[in-house]
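# Descriptive analysis of the structure
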Amino acid sequence: MENGRDTFPFPYQPYDIQQQFMQALYRALDQSKVGIFESPTGTGKSLSLICGALSWLRDHEEKTIQEAAALLQEGEAALSTSAAQSSSTGSSAEPDWITDFVQKKAERDLVSKLKEEDLKRKKREERLEMIRNNAQLKYALKRKSHEDEEAFKLLQLSKEDQAEAPEDQEDEEHIVAEYESDDDSKGRSRLLGREDEEEDELVEEHVTKIYYCSRTHSQLAQFVHEVQKSPFSKDISLVTLGSRQNLCINEEVRRLGSIQRINDRCMDMQKNKHEKQRPEDGAKRKRGPAKSVCPFNKASALQQMRDEVLGTVYDIEQLIKVGKDIHSCPYYATRLAIPPAKLVVLPYQMVLHEATRRAAGVQLKGQVVIIDEAHNLSDTLSCIHSSELNGSQLCRAYSQLSQYADRYKSRLKAKNLMYIKQILFAIERLVRVLGGKVGQNPQSQNTQAGTEMHTINNFLFKAEIDNINWFKLQRYFEKSMISRKLSGFVEKYAGSGVTLHTQNTLNKENRRTEGLLNYLKTLKSNQNSASVPQPDLQESAEAEKVLSASPMMQIEGFFMALTNSNTDGRVLVHRQGTLSESSIKFLLLNPAVHFAEVLKECRSVIIAGGTMQPVSDFKEELLLSAGVGQERIVEFACGHVIPPENILPIVMCSGPSGQELDFTFQSRDLPCMMDETGRILSNICNVVPGGVVCFFPSYEYLRRIMCHWEASGALTRLSNKKKIFQEPKKANQVEHVLSEFSRCIQRCAQESSGLTGALLFSVVGGKMSEGINFSDDLGRCVVMVGMPYPNIKSPELQEKMSYLDKHLPHSQGKSPGQALVENLCMKAVNQSIGRAIRHRGDYSSVVLCDRRYSRPATLSKLPAWIRSRTSTYATFGPAFAALRKFFMEKKQQQV
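Criteria and thresholds
- Residues numbered from 1 in each chain as written.
- Predicted model: local features only at pLDDT ≥ 70, side-chain atom pairs only at ≥ 80, totals over all residues.
- Heavy atoms only, no water.
- Axes fitted to C-alpha atoms, helices over the stretch in contact; angles between N-to-C directions.
- Helix = DSSP H or I, 4+ residues; strand = E, 2+ residues; numbered from the N terminus.
- Parallel < 35°, antiparallel > 145°, perpendicular 65-115°, else oblique.
- Left-handed = near helix turned anticlockwise from the far one by under 90°.
- Contact = heavy atoms within 4.5 Å.
- Nonpolar A, V, L, I, M, F, W, Y, C, P; charged D, E, K, R; others polar.
- Core = buried A, V, L, I, M, F, W, Y, C linked by side-chain atoms within 4.5 Å.
- Buried < 20%, exposed > 50% of the residue type's maximum accessible area, 1.4 Å probe, protein only.
- Polar contact = N/O pair within 3.5 Å; in protein donor to acceptor, adjacent residues only side chain to side chain.
- Expected span 1.5 Å × (residues − 1).
- Arc of directions from axis to C-beta.
- Salt bridge = Lys/Arg side-chain N within 4 Å of Asp/Glu carboxyl O.

Our focus in this paragraph is the packing of helix α17 (residues 391–408) against helix α24 (residues 552–561). Their axes nearest at 9 Å, the elements α17 and α24 cross at an angle of 110°. Comparing the axis directions of α17 and α24 gives the class roughly perpendicular. The two elements α17 and α24 meet at a crossing, and its hand is left-handed. Mapping the contact onto sequence places Q393, L394, A397 and L401 in α17 and M552, Q554 and I555 in α24. Grouping the amino acids of the contact of α17 with α24 by side-chain chemistry returns five nonpolar, two polar and no charged.

Written out as structure tokens, the structure is:
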């Protein structure tokens, strides 16, 4: 192992770059390094990660077993030697006798420990083998689960006849339990959210494993499918984690829709289960309807599903099907499977957010973490740990919590009332900072527009809440679960006396539709010549759900954010128009402070992606700032599997009429620049077959240039060559636009119509710049209009730049703040142009329309495999000739 590994199990003969990737990954894991790995999309990155990492894990386990066996042998030999020496030497002085006893005890303890660990390992392996082979046992348990389901349905039917409980007993579930002590360390295990002894027996110690995380559930599912195709599919114990919203199979709970409601109902059902199983000693059983208990959360069924999960590789969709077949909860069963699993697949948040990590039962000590699609890791960390509240949420939370306290004040303990009053006081002060009052409708309160940026301490002084112990308040939120209690209270009484917004004179019907009416007004006021469709029934229902949900979870998140170090974050107060539109936002400026714990606990962390350039901000902002030594960091970047002649990257500095391409903020709106862009696209559409994807810096610029082209006739000329598609505003329409785009290109290729394909207008950083596959004819040319620099006037960006300038060293004559702006721009560019070239036989051209791309510093931030093949053209003629030649040669090769 010390020398790495030459060959790896692989489903086919790996490319050279895949072999190099796996060797570099193996060495990084073996030497406990932190690695930054770049492998372009289409080069088999996922399979390289799987085969390289799991090969190391298998070798590591074998090495650990051999070392343990050698230690055990040495220990037993030492014990027998010392026993022989003791019998040969007669009586000895007391100090020698004590020393001998202590030494033998230590040796015996070591031998016992090694034997115990070896026995546990063998039991785990035997159990997994039994799970994989004993199909008969699976069917027997499945039959039993169906019998249990029928019995549960009969039980539920019999409960419907029971009388309703008095209101005070019925409300018991909403009352916050007695809060004993701020520093009370005794309490229940929160690992899985339950306490019964039968389930505790299912919890095991964690074996060495690999945590693989990515951004979206679809990316995780794709990774699991790659594992299923790999040589490790039959003998790897893999578990896929997800949220309750993704994994719940209880239709009654799933119908609630929002994540918060699903979580609250699920946890209430858990609590009801415990209360049913463990009634307090001497407590008199209250009459009334039985509290709802989830039928899918039984220990025997959970154990069966855990075994099923460990024995076969499943993605989330398959887990849900198995859960329904076995009649067992996939959410809790997968968490039970974490300790013995060798590979755990999970979303970013479950690794990067400490509280979520703890709640999921994820333990990182001595483990390996692979973070894939990590090009925006710094931004992801900042977003996860940032928090924003608007005036409407604050007023609604104050109103709901006040009514909760009034309704149950005679039944709440003194300490609970004290903390609830603290929360109400803090909310009231936050509303005052925004220039409003809590007792009035936030939509009718006008505020003086303006933006203020504060350090955490300055904000606390300004709001006059600096005397609150935020750490104690955070512990109260966690232990009392007040947010969940309030959410249940609001859900139950919404529309029956509990005001959803604020205590005002609106009647019940108006209260329930107020937000929806305002939403409709907003739509109406935003209508332009192209009419905006009215919201459908689903949108209306969503608007009402927003009204009836409690915002206390968001309040809790913001209060938790205020416990960050004063230097690591800022609070942005943004007043605009009315109180309901005004907001308070916590910005995390130092994501390394939260990533440091992951880096510290893990044996090794691998940060991987298709386009990781530029990597300087990863090293400076996330690794070096988190205390990782330069010697522990390794970098690996490989080329693409496509031959060099299959990609043509061009930097175009001027257009057909000789107009210099300068899409700076001052020049891009000039009519001459917009006209020149139209002429460039027109020429490109003449020679490029199939699909052309054109990216613009922002939605607003795309709107303006489309309006200009429509007036000048350029849009008509373009539509005569290729059918024009535009990125939709709504995420649920993306799939439809893409399928129509694809169908149009296929039709044009088969029919001899006047059109040569389709032209798709998209936006950098939009819905189609990441995660979308424009392979083959869908993306024969990617055009980048201008450079998508972020808004330099944004208060958030200015504060981030200022922070970096103070805490990071200057490099190559540039301040860290300037480098951040350039890196953000080029990361967005790299993601967009990476939509094309998705496999070895693919080919495409990339046209970068802006003279600024020709700067050496800018070119250096392109991925190496694109940078090495990029040509810069000062005039349009040679650039267009190269483009035409490229596609003529490809056409001849296909004939």
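Okay, back to it.
Where helix α20 (residues 470–480) contacts α24, the axes come no closer than 10 Å and their chain directions differ by 145°. For the crossing formed where α20 meets α24, the hand is left-handed. From α20, W470, L473, Q474, F477 and E478 reach across to α24, where they touch M552, E556, F559 and M560. Grouping the amino acids of the contact of α20 with α24 by side-chain chemistry returns six nonpolar, one polar and two charged.

The biggest cluster of nonpolar side chains holds 63 residues, and the ones touching the most others in it are L346, I371, L377, F595, I607 and L623. Considering every element that reaches this core, the biggest residue donor is helix α12 (residues 316–326), with five residues. In this structure I607 touches G35, I36, F37, I371, A374, L377, F595, M612, F618 and L623, once residues within four positions along its chain are discounted. Counting 48 residues, the second-largest nonpolar core is a separate cluster that includes L389, L424, V438 and A561.

Our next topic: the side chain of E676. Mapping E676 onto the fold places it in helix α27 (residues 671–687). At 2.6 Å, the side chain of E676 forms a polar contact with the side chain of S657. Here E676 is in contact with G655, P656, S657, G658, Q659 and L661, once residues within four sequence places are set aside.

Turning next to helix α35 (residues 876–894). An α-helix turns once per 3.6 residues; consequently, residues spaced three or four apart project the same way. Compared with an ideal rise of 1.5 Å per residue, which puts 19 residues at 27 Å, α35 spans 28 Å between its outermost C-alpha atoms and is within 8% of the ideal. Of the residues making up α35, those classed as buried are F876, A879, F880, A882, L883, F886, F887 and K890. Taken end-on, α35 shows its buried residues confined to a sector of 160°, consistent with a single buried face. Residues K885 and Q892 are exposed on α35 and point more than 90 degrees away from its buried face.

Our next topic: the pattern of salt bridges. If the charged atoms of two oppositely charged side chains come close together, the side chains can form a pair. Under the counting rule described, the total for this entry stands at 30 salt bridges. Among the ionic pairs, E700 bridges to R703, the shortest N-O distance being 2.6 Å. In this pair, E700 and R703 are both assigned in helix α28 (residues 699–712), three residues apart and thus about one turn of the helix distant. The residue R780 makes a salt bridge to D842 at a minimum N-O spacing of 3.1 Å. Of this pair, R780 sits in the loop between β15 (757–763) and β16 (781–785) while D842 sits in the loop between α32 (816–833) and β17 (844–849), and the two are 62 residues apart along the sequence.

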